[in-house]
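Architecture and fold: a report
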Amino acid sequence: MKLSLDTIGYGGYFTNNYENLSLEDAVRRTAKYGYDAACIFAHRPIGFPMDFDADRRKKLVELYEELDLEVGAIVCCNNFVDSNHVLVFNTEKEIMFTKQCIDFATDIGSNIVRVMASLWGYFQNPRAGQGYGLPSLEARSRRVSRGEDFLDAWHQVRMALSEVAKYAEDKGITLALQTHPEITGNNDETLQMLNEVGINSLKVGVDLPLMESYEPEDVKATIKKMGDKMIYSHTISLASYATIGGAPYSWEEVTPGSEEDKLPWEIFISTLKEIGYKGLLSHEQCSPIVVKEHKLGTLKDVDERYVDSRNYFRKVLKKYDCYSGNKPEYIKYE
């Protein structure tokens, strides 16, 4: 296994004053902090494919080579669910965008494009609770009560994933479908989507924080269920918080290995070794970092988290004798 930095953290989406870096500077920082690869977040201002003409793509490849970095995954945040407006062709735009990302991957030497079925804010759309058993994607109606709105959305996503998977197969690219609510709300649903699409270029990305349970036996079972379908993984950690009396209150991304981190990473890593996973563990910062005095963090805070995470996983991979890169065991943040 090797360690990758997902450049989403440098896009300015969650930092104070939207502080951000160019993709090229994010790649340079990836090498400085001892990662084996840099994954490209395929959205502005970081790595939107249409912002990279042939000359910039060529120079980007040269930069990776100069820094002794692998080109990691191209990382998309997709929403293949169609719009409810007859003149807004959301799914077609998502298909076009994903094909651009596949072409980008081909041009710069990446072999994986991470995709999602849908992405609704922080895990749930506003109508979800109006369903009758299944998540609701429309306002209350007979269709909602019968689950027809959800089933329509499922098949919209399936058809779109089928189209981009065929395109990826022709280009020699593999798609990593990440489990993410609401269309693929759990890992079993992700596997069901893979089976219904039935195209070999569509595989899965498995993230520990997005599992249904963090109990060690459940983590092992989920990984083994994915087996050789797993080709990618993110490594952010989540901490959950409760109010007085224990009611769920909020969650926050935290650095793996920190005091706030409660996820069983050693179980995760050792089970990945058991199934023969040899892909990337890609660290991301994809939600707000709240620092002292309730302020948004800066790029300095992003840097520190990337370094701390890298050092933690480098140590764990050494412990289980499954690190396949050539980077130092420890990097000091400067």
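Just so you know, these numbers come straight off a predicted model, no measurement behind them.

1. Some words on the state of the cysteines
One pass over the full model with this rule turns up 0 disulfides. With no disulfide of its own, Cys76 lies closest to Cys101 among cysteine sulfurs, the gap being 3.4 Å.

2. Description of the packing of helix α5 (residues 148-171) against helix α6 (residues 187-197)
Relative to each other, α5 and α6 sit at 55 degrees, their axes nearing to 10 Å. When the interaxial angle is binned, α5 and α6 end up oblique. Here α5 and α6 pass one another in a crossing that is right-handed. Of the residues in α6, those touching α5 at Trp154, His155, Val157, Arg158, Leu161 and Ser162 are Glu189, Gln192, Met193, Glu196 and Val197. In terms of residue class, the contact of α5 with α6 is built from 5 nonpolar, 3 polar and 3 charged.

3. Points about helix α3 (residues 90-108)
For α3, which comprises 19 residues, the first-to-last C-alpha distance of 27 Å matches the rise-based estimate of 27 Å (1.5 Å per residue) to within 8%. What α3 keeps buried is the set Thr91, Glu94, Ile95, Phe97, Thr98, Cys101, Ile102, Phe104, Ala105 and Ile108. Where α3 is buried, its residues contact β2 (37-41), α2 (54-66), β3 (70-75), β4 (112-116), α5 and β5 (174-178). Trailing α3 by a residue or two, Gly109 shows a phi angle of about 90 degrees, which is positive.

4. Quick notes on the side chain of Glu253
When you line up the elements, Glu253 lands in strand β9 (residues 248-254). The contacts of Glu253, once residues within four sequence positions are left out, are Ile236, Ser237, Leu238, Glu284, Gln285, Cys286, Ser287 and Arg305.

5. Some thoughts on the pattern of salt bridges
Opposite charge on two side chains lets them pair, provided their charged atoms get close. Within the structure shown, the criterion is met by 21 salt bridges. We note a salt bridge from Lys58 to Glu62, for which the minimum N-O separation is 2.6 Å. In this pair, Lys58 and Glu62 both sit in helix α2, 4 residues apart, roughly one turn of the helix. According to the relative accessible area criterion, Lys58 is exposed, its value standing at 52%. One salt bridge in this structure joins Lys300 and Glu304, with 2.7 Å as the shortest N-O distance. With Lys300 and Glu304 both in helix α9 (residues 299-319), this residue pair falls 4 residues apart, about one helical turn. Connected via shared salt-bridge partners are Glu138, Arg143 and Asp152.

Each value, and the rule that gives it
Residues numbered from 1 in each chain as written. Predicted model: local features only at pLDDT ≥ 70, side-chain atom pairs only at ≥ 80, totals over all residues. Heavy atoms only, no water. Disulfide = S-S within 2.5 Å. Axes fitted to C-alpha atoms, helices over the stretch in contact; angles between N-to-C directions. Helix = DSSP H or I, 4+ residues; strand = E, 2+ residues; numbered from the N terminus. Parallel < 35°, antiparallel > 145°, perpendicular 65-115°, else oblique. Left-handed = near helix turned anticlockwise from the far one by under 90°. Contact = heavy atoms within 4.5 Å. Nonpolar A, V, L, I, M, F, W, Y, C, P; charged D, E, K, R; others polar. Expected span 1.5 Å × (residues − 1). Buried < 20%, exposed > 50% of the residue type's maximum accessible area, 1.4 Å probe, protein only. Salt bridge = Lys/Arg side-chain N within 4 Å of Asp/Glu carboxyl O.

Any link to function would need more than the numbers given here.
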